[in-house]
Each structure stands twice: as structure tokens, then as C-alpha cells.
Amino acid sequence: MEKKLLLLGYMGCGKSAVGRFLAEKQGIPFVDLDAFIEKKEGLGISELFALKGEIYFRRKEREYLDELLKQDAPMVISLGGGTPCFGDTMQMLTGSGNSVVFLKASVQTLVERLEKEKEHRPLLKNLQTVDLEEFIRKHLFERNQFYMQAPHKVAVDDRSVEAIAEEVAQYLV
Ligand code: S3P
């Protein structure tokens, strides 16, 4: 079974940008789990949340992740921010034999980025800018217990996509 590189971390930490860059550089396929779900379901993430609800989304997210992990091909997969935080998904990831890397961003970095990009994120789009930092701080605190189980952690604050991808590349096996 070909090994995969799985990128996880909070919304806005750069999973997709780093994953896409790294995969292209290494000449291996890149899959963004959110985009994969959107294609399979024929709906955008916001529409899926609005029409079918978060529980449906989480079930499908897990199902499509399984499908990707079963493919016998090398690939870089960027997960959704919540993917490892439900059910036993984090255990499944760490036990899968693939490389699992947490892209670690500070609250300040996340707030700066997500202020500009919250519209297509159903969990954030209804928050006022003044409430965003408080929300992210609490949410990240809850989710860190999952993210921190990743065997590899890479800091992303004030670093370019290229520099982050170069550090992550050492975990491609
Ligand atoms: C989510 C993160 C999103 C997307 C959905 C839910 C989350 O992915 O899966 O909006 O629960 O953190 P990104 O981390 O790629 O924004």
C-alpha cells in the first residue's frame, strides 16, 4: 500500500496551499478533502451544512476519507479543520501507517487570515469580526487535544508556503 501524507490543522492554517504546493513539487497527486466531498455530493460545503446539517457532513467526511485512504496510490491529502475531531477518526489516521502532519498556527495568525476568508466557512460566516478571536481561541483549545496527537507538528506563523512545504516534505515516506 502506497503511503500518503495527511495534513491537518485549524481552518486557515494553510493545509490546502501547502498540500497543493508540496504535491506539485513532488509530482504526486493532491486531494483536498473538502473539494472531494463537494464533487461527490454535488454541493458546496456551505450548502451541505445548510441543506443537510453538520451531522450529515461529518458522516460523509469520514466516508470519503476512508475511500481516499483505501486507494493504493501515493498522495497528499489536506483534511478539513474538523476532520480529525469527530469519532475515532484521529486514531484511525495515526494508526493508518500514513504520515500525519499538524500545521500549527497561532490564534493571532488564524484570526488575521480568517477575518478575510470566513464567508465560505459555515462555522464562521455568521460571526461578527469582534467575536471571531474569542470563537477561534475556544474552538482551537477544544480541538488541540486531537491535533496534538499528530506525530509531526510544523509551525506556520510568518513562514512562506515554500518554507513550510520544505519542512513537511521530510515526512513524505
Ligand atoms: C471545518 C473546516 C472546513 C470545512 C468545513 C468544516 C471545520 O475546512 O471542512 O467548513 O469544522 O473546521 P477547512 O479547514 O479547509 O476550512
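**Q** Outline the sheet that holds strand 3 (residues 75-78), supporting the account with residue identities and numerical values.
**A** Spatial ordering of the open sheet is given by 2-3-1-4-5, a layout of 5 strands whose pairing is parallel. Each edge of the open sheet is held by one strand with a lone partner, namely strand 2 (30-32) and strand 5 (152-155). Within the sheet, the average angular offset between the axes of one strand and its neighbour, ignoring direction, is 20°. As defined by bridge partners, strand 2 adjoins strand 3 across 3 bridges and the pair is classed as parallel. Considered in strand 3, the bridge of Phe-30 is made with Val-76.

**Q** So what's going on with the site of the ligand? Residues and values would help.
**A** Close to the ligand lie 13 residues, the nearest being Lys-15, Asp-34, Arg-58, Arg-121 and Arg-143. In this structure, Lys-15 approaches the ligand through a side-chain N or O atom, which is 2.8 Å from an oxygen atom. In this structure, an oxygen atom belonging to the ligand sits 2.8 Å away from a main-chain N or O atom of Gly-81. Of the residues that constitute the shell around the ligand, the class distribution is 5 nonpolar, 3 polar and 5 charged.

**Q** Please give an account of the packing of helix 3 (residues 45-52) against helix 4 (residues 54-70) that cites residues and values.
**A** Between helix 3 and helix 4, whose axes approach to 7 Å, the crossing angle comes to 125°. For the element pair helix 3 / helix 4, the angle class is oblique. Taking contact as the criterion, the partners of Ile-45, Leu-48, Phe-49 and Lys-52 in helix 3 are, on helix 4, Glu-54, Tyr-56, Phe-57 and Arg-58. Class assignment of the residues belonging to the contact of helix 3 with helix 4 gives a composition of 5 nonpolar, no polar and 3 charged.

**Q** An account of the state of the cysteines is needed here, citing residue identities and associated values.
**A** By the definition in use, this model includes 0 disulfides. With no disulfide partner, Cys-13 has as its closest neighbouring cysteine sulfur the one in Cys-85, 11 Å distant.

**Q** Any chance you could break down the nonpolar core for me, citing the residues and the numbers?
**A** What tends to happen in soluble globular proteins is that the nonpolar side chains get buried as a cluster. Counting residues in hydrophobic clusters, the biggest one holds 53 residues, and the most contacted among them are Leu-8, Tyr-10, Leu-93, Leu-103 and Val-168. Among the elements that line this core, the one with the most residues is helix 4, at 6 residues. When near neighbours in sequence (up to four residues on either side) are disregarded, Tyr-10 contacts Lys-15, Leu-110, Leu-114, Leu-124, Phe-135, Ile-136, His-139, Leu-140, Arg-143 and Tyr-147.

**Q** How would you sum up the packing of helix 6 (residues 107-117) against helix 7 (residues 129-147)? Please name residues and give values.
**A** Helix-helix packing: each pair is described by the crossing angle between the helix axes and the interaxial distance. Axis separation between helix 6 and helix 7 bottoms out at 10 Å; the angle between their running directions is 135°. On the basis of their axis angle, the class for helix 6 and helix 7 is oblique. When you trace helix 6 past helix 7, the crossing you get is right-handed. Between helix 6, through Val-107, Leu-110, Val-111, Leu-114 and Glu-115, and helix 7, the contact on the second element is made entirely by Thr-129, Leu-132, Glu-133, Ile-136, Arg-137 and Leu-140.

**Q** Pulling in residues and values, what's your account of the packing of aromatic side chains?
**A** The full count for this structure, using the stated rule, is 3 aromatic pairs. Aromatic side chains Phe-36 and Tyr-64 sit 6.0 Å apart centroid to centroid with 85° between the ring planes, which places their arrangement in the edge-to-face category. Here the residue Phe-36 occupies a position in helix 2 (residues 33-41), and Tyr-64 occupies one in helix 4, the gap between them amounting to 28 residues. You'll find Phe-36 and Tyr-64 in the same group, each marked buried.

Conventions adopted
Residues numbered from 1 in each chain as written. Predicted model: local features only at pLDDT ≥ 70, side-chain atom pairs only at ≥ 80, totals over all residues. Heavy atoms only, no water. Pairing = 2+ DSSP bridges. Helix = DSSP H or I, 4+ residues; strand = E, 2+ residues; numbered from the N terminus. Axes fitted to C-alpha atoms, helices over the stretch in contact; angles between N-to-C directions. Near = heavy atom within 4 Å. Polar contact = N/O pair within 3.5 Å; in protein donor to acceptor, adjacent residues only side chain to side chain. Nonpolar A, V, L, I, M, F, W, Y, C, P; charged D, E, K, R; others polar. Parallel < 35°, antiparallel > 145°, perpendicular 65-115°, else oblique. Contact = heavy atoms within 4.5 Å. Disulfide = S-S within 2.5 Å. Core = buried A, V, L, I, M, F, W, Y, C linked by side-chain atoms within 4.5 Å. Buried < 20%, exposed > 50% of the residue type's maximum accessible area, 1.4 Å probe, protein only. Left-handed = near helix turned anticlockwise from the far one by under 90°. Phe/Tyr/Trp six-rings, centres within 6.5 Å; stacked < 30°, edge-to-face > 60°.

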